[in-house]
Number of protein chains: 2
Amino acid sequence: MSDRLIYLPLGGAGEIGMNAYVYGYGEPGRERLIVVDLGVTFGDMETTPGIDLIMADVAWLQANKDRIEAIFITHAHEDHVGALGLLWDRIGVPVHCRKFTGTLARMKMEERGLSPDAVRIHEPRPEVIEAGPFKVQFVPISHSIPESSALIIDTPAGRIVHSGDFKLDGTPVVGEPFDPIMWHEIARESGGVKVLTCDSTNVFSLHPGRSEALLANPLLDFVMAQPNMIAATTFASNIARLKSLAEAGAAAGRKICLLGRSMRRMTQVAQETGILTNFPATISPEEAANLPRNEVMLIVTGSQGERRAATAQLARGSYLGIRMKEGDSFLFSSSVIPGNERGVIRIMNQFSEIGVDVFDNNDGTFHVSGHANRPDLEAVHDLLKPQILIPMHGEHMHLREHALIGEKKGIASIVATNGNMVDITGDKPRIVDETDHGRIYLDGSVLIGAMDGVVRDRIRMALNGSALVSVIVDESDNPFPDAWVELMGLPEKGRSNTPVAQQIESELAEFLERADPKTVGDDQKLEEVVRKITRQVTMEEIGKKPEVTAIISRLAP
Amino acid sequence: MSDRLIYLPLGGAGEIGMNAYVYGYGEPGRERLIVVDLGVTFGDMETTPGIDLIMADVAWLQANKDRIEAIFITHAHEDHVGALGLLWDRIGVPVHCRKFTGTLARMKMEERGLSPDAVRIHEPRPEVIEAGPFKVQFVPISHSIPESSALIIDTPAGRIVHSGDFKLDGTPVVGEPFDPIMWHEIARESGGVKVLTCDSTNVFSLHPGRSEALLANPLLDFVMAQPNMIAATTFASNIARLKSLAEAGAAAGRKICLLGRSMRRMTQVAQETGILTNFPATISPEEAANLPRNEVMLIVTGSQGERRAATAQLARGSYLGIRMKEGDSFLFSSSVIPGNERGVIRIMNQFSEIGVDVFDNNDGTFHVSGHANRPDLEAVHDLLKPQILIPMHGEHMHLREHALIGEKKGIASIVATNGNMVDITGDKPRIVDETDHGRIYLDGSVLIGAMDGVVRDRIRMALNGSALVSVIVDESDNPFPDAWVELMGLPEKGRSNTPVAQQIESELAEFLERADPKTVGDDQKLEEVVRKITRQVTMEEIGKKPEVTAIISRLAP
């Protein structure tokens, strides 16, 4: 069989988050592979209670470990690099990054007890990294974090441009601007672009994207207009925004104080790697607490309403000795990721209760997105003229919309979601296989499979409550009639206004006194009846059927 | 002491939902009382897992039951009438409504086994309902449900206007338009308006509100443009919207099919009460399934992404034999209530997977709000010229913003949240007491207090998992060393790669073998140690501390 070029998303295609993409080249089934990005997504109470992080199941990669050449990380956002320290030992190949990304990636490795040496740091194009049949270049592109990169992946079957996350920003404040001349070159050399794998996040935004630099004046005007203490929040990794905010504060004569661990870590790495220069001097929280209120500007973590972040703590009262008061101002220099609305609104109301004036980005004044909008995506299609368009980094509706745009322009386009292996050797992409794919959860310190049932049981207990029944069977196989019942997460009393646990115990007693030896002798049968009685009584009393755990203890004869 | 006039919100002030307001007049502490609205709010997985409905705690009303004259319901939305059947027997006074609202209120009473006769039906102004010292009129006002009413509450201390939920719509399609001339009269008679208690929902919307009638043409254009089956969703209670949608469908030559129980109930009550006339003929789901796709328009429940509603079922596959297909169109003629975003997005992606084109209201073409925007609120302030403004029906930030607007106009304004008793006898409102207030949950068939701990335990089990330990102590007070451990919602194995439950059992055995009689003899002490050991092992193995329930069974000597 002749060699083929394949694309296989394991995460990020059909969702926004936990990006993990695979490219392969070679004999079918024996392609040499590279992995692009290994990110996480965050759990929520509704679908994944108690889960700390979610990442792509890399079982397919583990099964094909000997075929993997390398991992490339496009940029340091958690949804692109967050799983590296958690999954690297299942893959075990060199990790290629640029400097800022690589510095943070090395920290991720160390945090999980892995050697940072697996992470190798590279210069952008024209440096070429060889990985099996692939020749890869990092190409600077603008986004909402420094050093974000697209990848040029040259293969024997042609050139792939993997866009990474990007926007078209000629004046990004920090980091490299979008360079149309370079991209023009990229489109023309090496026989042009065969495949464009492209960010789809903002495909439904119809106006052209706006530059980070447009925020400087509105932010300065905002800061100048506030009479007392100011706090502003944005993503800690948005170094350009941190600089814009700090410069607005400094220009208005305020001292800048950074609050939140990730805020300090990100600025430190950005300064150490030479990306962030001329950042205004900062003061400590103690100094900030002791200055007159109108001389302080806080820049804080927690723009998505995260309960433990600095913003949430300030809204609840105080953080590191700093307390916001009536007449202070709080700015969300951010937009709300869908699903986080209630958390952000809760904080706005808490600030309202204190009397703090809250300003957000409802009218687009104080935030710009890091992703290309529809007209920008179309500009990139037109600039690169790819033969094939594969939308990525989007929920199904984003991928579908983006593919429809491509089709209308005459570009062969395909909606490929996690697990779809796409043959991109020919003129048109074809789905040739459906591989194992899924999700892995970080629960406490353990990685578990999404389908292991752990989360299912938690959701059931949360919705239905839980009943525990202990039954003791004596040495002669006779059950003690007084079973013990404990209820958790259930109303104490129901319809008959006596404790439900007591009601269950007396129903169980009635059964156990007359139970036939066959049932009593069989753990499974006995458990089944105990469960049934418990659920029946609870249903009658409170209209719910709880999760029941029955413990049968048999005394040794 | 001289008589006073008081306002006391028990629900709806500091939140959007579960409205319940109290007015009182008389000797302080002995005021005669009326209740305005008894609504519910809906739970969510994050804060109230498993809870069916949430309503205001009416303990204060129960404690003052002999002082209550009547309940008035402004309109039939669930957040205004939904708790009537659940809480009425705790209050036990006549319920006054207009016809459409009253018909639905009677159904609520019957559903809970109460007599519908407590609900009395009235004509709008000029009919006056006397309730102790209060003379009350229902005044038609436009909203997103028929017969929505403001209340004029005349008292010896002056006139109160309780706005209810409203917008200023002169062409509401169904029901009564906003009538500025009547409101002008209301502002002038009886010495003018002393207090305006006013809807605050849309205080942050800066453009003037738009009329329901504006949707007719865009909806017709939309329907005409769709090539195959169309389904559209909105709130079932929005009778005007149902009519606009159905008329657009009928005008385009389509047959109309209503899907969803509440959709059929609402249209039936609206037709029986004479509110809805000339509604296009509808067909059954079976007929719809058998017609050519381009001759059908479905109008369906579930605009907020509710998992069991018709929209969600169509998105998952089919509903009552009707299956949507590639090339069909689905319209959200609605906006998303904050907190419901992920549910709605999930449905959009499911439709995308089928190939159904989804249209929503992102650009305001297919939906108008039922609440007055900021310019409309200001128009009402100017028209009624109240001495006092009390913002209601809003989260804290809405109430605060609304009060600031009032203050700027020179109206004495106050932010009063649930439990704040406000003396409104004089020129300025004053908070004079903080009464008991809170929330009641409907859990299955039982009403429980929000602070009873039931939900707290469910959330803990959902986040941390649950461990059940059974320890048996023999007739001579010696514990059996082999305790039994069951884990629910926890990873099976952790750091040492052996079952966590086994690890706990062996640690417990080690303890029980050497436990001193004092600890073993004391249930509480023994439980405490068992809990501690269980949590320690689990923490070491999987980095989590579960909820532990220990059952100590003592064999009778």
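Quantities reported herein were computed from a predicted structural model and do not represent experimental measurements. (Residues numbered from 1 in each chain as written. Chains lettered and ligands numbered in written order. Predicted model: local features only at pLDDT ≥ 70, side-chain atom pairs only at ≥ 80, totals over all residues. Heavy atoms only, no water.)

1. Describing the domain arrangement of chain A
All names here are of chain A. Each assigned domain of chain A is listed here: domain 1 (4-207 + 369-449), domain 2 (212-359) and domain 3 (465-555). Centre-to-centre separation of domain 1 and domain 2, based on C-alpha positions: 31 Å. Taken together, the contacts link 18 residues of domain 1 with 15 residues of domain 2. Of all residues in domain 1, the largest losses of buried area upon contact with domain 2 belong to Phe 100, Val 173 and Val 174, amounting jointly to 35% of the total for that side. Across the domain 1-domain 2 interface, the total number found is one salt bridge. Our count for the contact surface shared by domain 1 and domain 2 stands at four residue pairs in polar contact (both at pLDDT 80 or more). Of the residues contributing to the side of domain 1 that touches domain 2, the split by class is eight nonpolar, four polar and six charged. (Domains from an automatic or database assignment. Contact = heavy atoms within 4.5 Å. Buried area = accessible area lost by both parts, 1.4 Å probe. Salt bridge = Lys/Arg side-chain N within 4 Å of Asp/Glu carboxyl O. Polar contact = N/O pair within 3.5 Å; in protein donor to acceptor, adjacent residues only side chain to side chain. Nonpolar A, V, L, I, M, F, W, Y, C, P; charged D, E, K, R; others polar.)

2. Quick notes on the interface of chain A and chain B
With 57 residues of chain A at the interface, the matching set in chain B holds 57 residues. On the surface where chain A and chain B come into contact, there are eight salt bridges. Ionic pairing is found between A:Arg342 and B:Glu395, a salt bridge with its closest N-O pair at 3.2 Å. For the interface between chain A and chain B, the tally reads 26 residue pairs in polar contact (both at pLDDT 80 or more). For the side of chain A that touches chain B, the secondary-structure elements that each account for two or more residues are helix H11 (341-354), helix H13 (396-408), strand E28 (446-449), helix H14 (454-464), strand E29 (466-473), strand E30 (484-488), helix H17 (523-542) and strand E31 (547-554) of chain A. Examining the composition of the side of chain A that touches chain B, we find that eight residues originate from one element, H11(A), more than from any other. (Helix = DSSP H or I, 4+ residues; strand = E, 2+ residues; numbered from the N terminus.)

3. With respect to the sheet that holds strand E5 (residues 40-41) of chain B
All names here are of chain B. With respect to topology, four strands assemble into an open sheet ordered E5-E6-E27-E28, the strand pairing being antiparallel. This sheet does not close on itself; its edge strands, each paired only once, are E5 and strand E28 (446-449). One ladder, built from four bridges, connects strand E6 (residues 53-56) with strand E27 (residues 439-443); its direction is antiparallel. Note that in E27 the partner of Leu 53 across the bridge is Leu 442. Helix-sheet contacts for helix H3 (residues 84-91) involve E6, E27 and E28, and the interaxial angle to E6 is about 35 degrees. (Pairing = 2+ DSSP bridges. Axes fitted to C-alpha atoms, helices over the stretch in contact; angles between N-to-C directions.)

4. So, the packing of aromatic side chains
All names here are of chain A. Throughout the structure, instances matching the rule amount to 15 aromatic pairs over all chains. With centroids separated by 5.0 Å and ring planes inclined at 75 degrees, the aromatic side chains of Phe 222 and Phe 359 adopt a geometry described as edge-to-face. Of this pair, Phe 222 sits in helix H6 (residues 216-225) while Phe 359 sits in strand E21 (residues 357-359), placing them 137 residues apart in sequence. Phe 359 gets classed as partly exposed once you look at its relative accessible area, which sits at 27%. A network of ring pairs unites the aromatic residues Tyr 7, Tyr 21 and Tyr 23 as a single cluster. (Phe/Tyr/Trp six-rings, centres within 6.5 Å; stacked < 30°, edge-to-face > 60°. Buried < 20%, exposed > 50% of the residue type's maximum accessible area, 1.4 Å probe, protein only.)

5. Overview of the confidence of the model for chain A
Confidence in the prediction of chain A, expressed as mean pLDDT, is 96, and 100% of residues score 70 or more. The ipTM for the predicted assembly is 0.95, set against a pTM of 0.96. (pLDDT = per-residue confidence, 0-100.)

6. Examining the sheet that holds E29(A)
Residue and element names in this part refer to chain A. Across the sheet, three strands lie side by side as E30-E29-E31; this open sheet has mixed pairing. Every interior strand has two partners, whereas the edge strands, E30 and E31, have only one. Adjacent strand axes in the sheet meet at a mean angle of 15 degrees, parallel and antiparallel pairs treated alike. Two strands pair when backbone bridges link them, and E29 and E30 are joined in this way by five bridges, in the antiparallel orientation. Bridging from a neighbouring strand, Val 469 pairs with Val 485 of E30. Contacts from helix H15 (residues 500-514) reach E29 and E30 within the one sheet, and its direction differs from that of E30 by about 145 degrees. Sheet strands in contact with H17 are E29 and E31, and its direction is about 140 degrees off that of E31.

7. Remarks on the packing of H14(A) against helix H14 (residues 454-464) of chain B
At a closest axis distance of 8 Å, the pairing of H14(A) and H14(B) adopts a crossing angle of 180 degrees. Accordingly, the angle class assigned to the pair H14(A) and H14(B) is roughly antiparallel. Of the residues in H14(B), those touching H14(A) at A:Arg458, A:Met461, A:Ala462 and A:Leu463 are B:Arg458, B:Met461, B:Ala462 and B:Leu463. (Parallel < 35°, antiparallel > 145°, perpendicular 65-115°, else oblique.)

8. Re the UniProt feature "domain: Metallo-beta-lactamase" (unreviewed entry) in chain A
Taking the UniProt record as the reference, the feature "domain: Metallo-beta-lactamase" (unreviewed entry) is found at residues 17-207 of chain A. Secondary structure content for residues 17-207 of chain A is 20% helix and 30% strand, while the C-alpha to C-alpha distance between its ends is 24 Å. (UniProt positions renumbered as here; feature names shortened; annotations may be inferred.)

9. Description of a negative patch on the surface
Residues and elements named next belong to chain A. A cluster of acidic residues, Glu 507, Glu 510, Glu 513 and Glu 540, forms a negative patch at the surface. Counting residues per element, the negative patch draws most heavily on H15, at three residues. Looking at the element boundaries, Glu 540 is found in helix H17. Of the residues examined, Glu 540 reaches a relative accessible area of 51% and is grouped as exposed. (Patch = residues over 30% accessible without salt bridge, like charges linked within 9 Å, V, L, I, M, F, W, Y side chains within 5 Å. Areas by Shrake-Rupley, 256 points an atom, 1.4 Å probe, with all protein chains shown as cover. Lys, Arg positive; Asp, Glu negative; His and termini not counted. Charge placed at Lys NZ, Arg CZ, Asp CG, Glu CD.)

10. Things to note about the environment of B:Ile71
Residues and elements named next belong to chain B. Following the sequence through the fold, Ile 71 ends up in strand E7 (residues 68-72). Residue classification places Ile 71 among the buried positions, given a relative accessible area of 0%. With 107 residues separating them in the primary sequence, Ile 71 and Phe 178 have C-alpha atoms 24 Å apart. If near-sequence neighbours (up to four positions away) are discounted, Ile 71 is found in contact with Val 35, Leu 38, Leu 84, Trp 88, Ile 91, Val 93, Pro 94, Val 95 and His 96.

11. Some points on helix H4 (residues 99-111) of chain A
Residues and elements named next belong to chain A. Along its 13 residues, H4 runs 18 Å from first to last C-alpha, staying within 8% of the 18 Å computed at 1.5 Å per residue. Turning to H4, its buried residues number three or more, namely Phe 100, Thr 101, Gly 102, Leu 104, Ala 105, Lys 108 and Met 109. Considering only its buried residues, H4 is in contact with helix H2 (78-81), helix H3 (84-91), strand E8 (95-97), strand E9 (119-121), helix H7 (239-251) and helix H8 (261-272). Phi turns positive one or two residues past the end of H4, at Gly 113, with a value near 75 degrees. (Expected span 1.5 Å × (residues − 1).)

12. Some words on the relation of the copies chain A and chain B
Superposition of chain A onto chain B requires a rotation of 180 degrees combined with a translation of 0.0 Å along the rotation axis, giving an RMSD of 0.1 Å. What the superposition gives is, in effect, a two-fold axis relating one chain to the other. Identified as the residue of chain A closest to the rotation axis by C-alpha distance is A:Ala462, at 2.7 Å. In this assembly, 100% of the residues forming the interface of chain A have copies in chain B that are likewise at the interface, indicating an isologous arrangement. (Least-squares fit on C-alpha atoms with pLDDT ≥ 70 in both.)

13. Topic: H6(A)
All names here are of chain A. For H6, every residue scored as buried is listed here: Leu 219, Phe 222 and Val 223. Along the axis of H6, the buried residues cluster in a sector spanning 95 degrees; they form a single face. Exposed side chains of H6 directed beyond 90 degrees from the buried face belong to Asn 217, Asp 221, Met 224 and Ala 225. Buried residues along H6 sit in contact with strand E15 (230-233), H7, strand E17 (296-300), strand E20 (329-332) and E21. (Arc of directions from axis to C-beta.)

14. A word on the pattern of salt bridges
If you walk through the whole model with that rule in mind, you get 57 salt bridges over all chains. Taking the shortest distance from any N to any O, the salt bridge between B:Asp382 and B:Lys409 comes out at 2.9 Å. Residue B:Asp382 is located in helix H12 (residues 374-384), and its partner B:Lys409 is located in the loop between helix H13 (396-408) and strand E24 (412-413); the two are separated by 27 residues in the primary sequence. Residue classification places B:Asp382 among the partly exposed positions, given a relative accessible area of 41%. On the basis of relative accessibility, which here comes to 31%, the residue B:Lys409 falls in the partly exposed class. One salt-bridge network, in which partners are shared between bridges, spans A:Arg125, A:Asp154, A:Arg159, A:Glu185 and A:Glu189.

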